[in-house]
Amino acid sequence: MAGNSQRRNRRTSNKKGATVGSGGQRRRGLEGKGPTPPAEARKGHAKQRAANAKMKRAASAQSRRPSGRGAKSTSELVAGRNPVVEALRADIPASAVYVQQFIDNDERVREAIKLATDRGIPLMEAPRPELDRITNGLNHQGLVLQIPPYEYAHPDDLAAEAFDAGEDPLIVALDGVTDPRNLGAVVRSVAAFGGHGVVVPERRAAGMTAGAWKTSAGTAARVQVARATNLTRTLEAYQKAGLTVVGLAADGEVELQDLEALAGPVVVVAGSEGKGLSRLVGETCDLRVRIPMPGGAESLNAGVAAGIVLYEAARRRA
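Residues numbered from 1 in each chain as written. Predicted model: local features only at pLDDT ≥ 70, side-chain atom pairs only at ≥ 80, totals over all residues. Heavy atoms only, no water.

(A) Spotlight on the overall build of the chain. Assigned secondary structure in the chain consists of 12 helices and 11 strands. Within the chain, buried positions represent 42% of all 318 residues. Within the chain, residue pairs in contact and separated by at least 24 positions form 82% of the contacts whose partners lie at least 6 positions apart. Surface exposure of the chain reaches about 17,400 Å², of which carbon and sulfur atoms provide 48%. (Helix = DSSP H or I, 4+ residues; strand = E, 2+ residues; numbered from the N terminus. Buried < 20%, exposed > 50% of the residue type's maximum accessible area, 1.4 Å probe, protein only. Contact = heavy atoms within 4.5 Å. Areas by Shrake-Rupley, 256 points an atom, 1.4 Å probe, with all protein chains shown as cover.)

What follows is the structure, given as structure tokens:
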């Protein structure tokens with residue numbers, strides 16, 4: 001009899017359903033926990049281990065390649081929840097989104113993961129020390145976006161492709177412009193007014209970073225940016241190819257409305273706000289042009305100045 005009683009007790013204890021004192025654990029266990037994360041974000045998954053290995057290789061392989069035809073910049077990391085989300089919203093090219101293990105899952109994290117998943121960008125989980133290392137200690141807040149190296153065109157290609165298409169080249173060169181947002185604004189204006197590309201110096205100048213991509217509002221995907229080892233020599237090469245080099249200067253000898261050269265093959269050179277064109281670049285220009293400013297402003301930034309000149313060029317070519 002005693003044995004039968006014990007067997008009944010064991011059967012009773014194995015019954016399914018809530019037990020006394022469960023405190024609603026069963027009810028909470030039935031609540032949804034959100035979508036299943038991709039394999040790359042699951043701890044211990046083979047794809048997650050492979051993704052971490054790929055991240056380490058990518059971080060250690062970031063080295064600058066020499067400039068020239070097909071030259072590339074180094075890859076760039078965007079750190080922080082808001083910057084990563086904004087970059088993904090702006091459709092900035094990305095090769096991976098790194099997510100910290102056991103991250104506090106707020107709205108920005110969920111949006112970043114959704115945007116990356118929708119675009120097919122790999123999600124890679126990594127421990128916080130690894131993210132600290134690859135970002136050099138920046139406040140990444142558990143989210144890091146990797147932007148692939150930008151492949152620059154060669155300056156010669158911009159003019160050659162315009163001539164091949166039966167068009168007079170319309171190119172903008174930037175001299176000493178270090179703000180990526182100015183570069184992005186110039187790229188956007190070149191796209192809007194039918195230009196054939198932008199040239200930037202290799203050193204001491206803005207490159208195609210996340211900030212430039214964002215300001216370009218997506219037009220950087222269809223406007224070529226070339227990198228020049230020596231801007232003065234590049235301008236001289238354009239002159240030999242038949243292009244007129246026009247520099248923008250507050251004290252220029254020609255006013256914009258009188259600049260007939262805009263109707264033909266031309267390179268418009270814009271300097272930094274305040275400093276303007278460097279001496280050697282200014283001496284290389286065929287013409288120096290001023291933009292009339294009745295309001296009395298001392299100078300315009302490169303993005304605004306280039307936009308005004310490009311509009312005038314498009315008007316004359318229409």
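We are not done yet, so read on.
(B) A look at the sheet that holds strand S7 (residues 225–228). A sheet is described by the order of its strands in space; here 7 strands give the open sequence S7-S6-S5-S10-S8-S11-S9, paired in parallel fashion. Two strands in the sheet have a free side with no partner beyond their single neighbour: S7 and strand S9 (254–255). Strand direction decides the pairing type here: strand S8 (residues 244–248) and strand S11 (residues 287–290), joined by 3 bridges, are parallel. Across the sheet, residue Val 246 finds its bridge partner in S11, namely Leu 287. Against the sheet, helix H7 (residues 155–164) contacts strand S5 (170–175), strand S6 (197–201) and S7, and its axis sits at roughly 135° relative to S7. (Pairing = 2+ DSSP bridges. Axes fitted to C-alpha atoms, helices over the stretch in contact; angles between N-to-C directions.)

(C) Focus on the pairing of S8. Burial of S8 is extensive: 4 of the 5 residues sit out of reach of the surface. Both S8 and strand S10 (residues 266–271) contribute to a ladder of 4 bridges, which runs parallel. When the sheet's bridge partners are listed, Val 246 is paired in S10 with Val 268.

(D) Seen up close, helix H5 (residues 107–119). Between its first and last C-alpha, H5 extends 18 Å over 13 residues, near the 18 Å set by a 1.5 Å rise per residue. Of all the residues in H5, the buried ones are Val 109, Ala 112 and Ala 116. The buried residues of H5 occupy an angular sector of 65° when projected down its axis, which confines them to one face. Residues of H5 that are exposed and point over 90 degrees away from its buried face: Glu 107, Lys 114 and Asp 118. In this fold, the buried residues of H5 make contact with helix H4 (81–89), strand S2 (96–100), strand S3 (123–126) and strand S4 (143–147). Looking one or two residues past H5, Gly 120 carries a phi angle of roughly 75°, positive in sign. (Expected span 1.5 Å × (residues − 1). Arc of directions from axis to C-beta.)

(E) Expanded view of the side chain of His 140. Topologically, His 140 is positioned in the loop between helix H6 (128–134) and S4. Within the structure, His 140 has its side chain in polar contact with the side chain of Asp 132 (distance 2.7 Å). For His 140, the side chain forms a polar contact with the main-chain nitrogen of Gly 142, separated by 2.9 Å. Apart from the residues lying within four places of it in its own chain, the contact partners of His 140 are Ala 79, Gly 80, Arg 81, Gln 100, Arg 128, Leu 131, Asp 132 and Thr 135. (Polar contact = N/O pair within 3.5 Å; in protein donor to acceptor, adjacent residues only side chain to side chain.)

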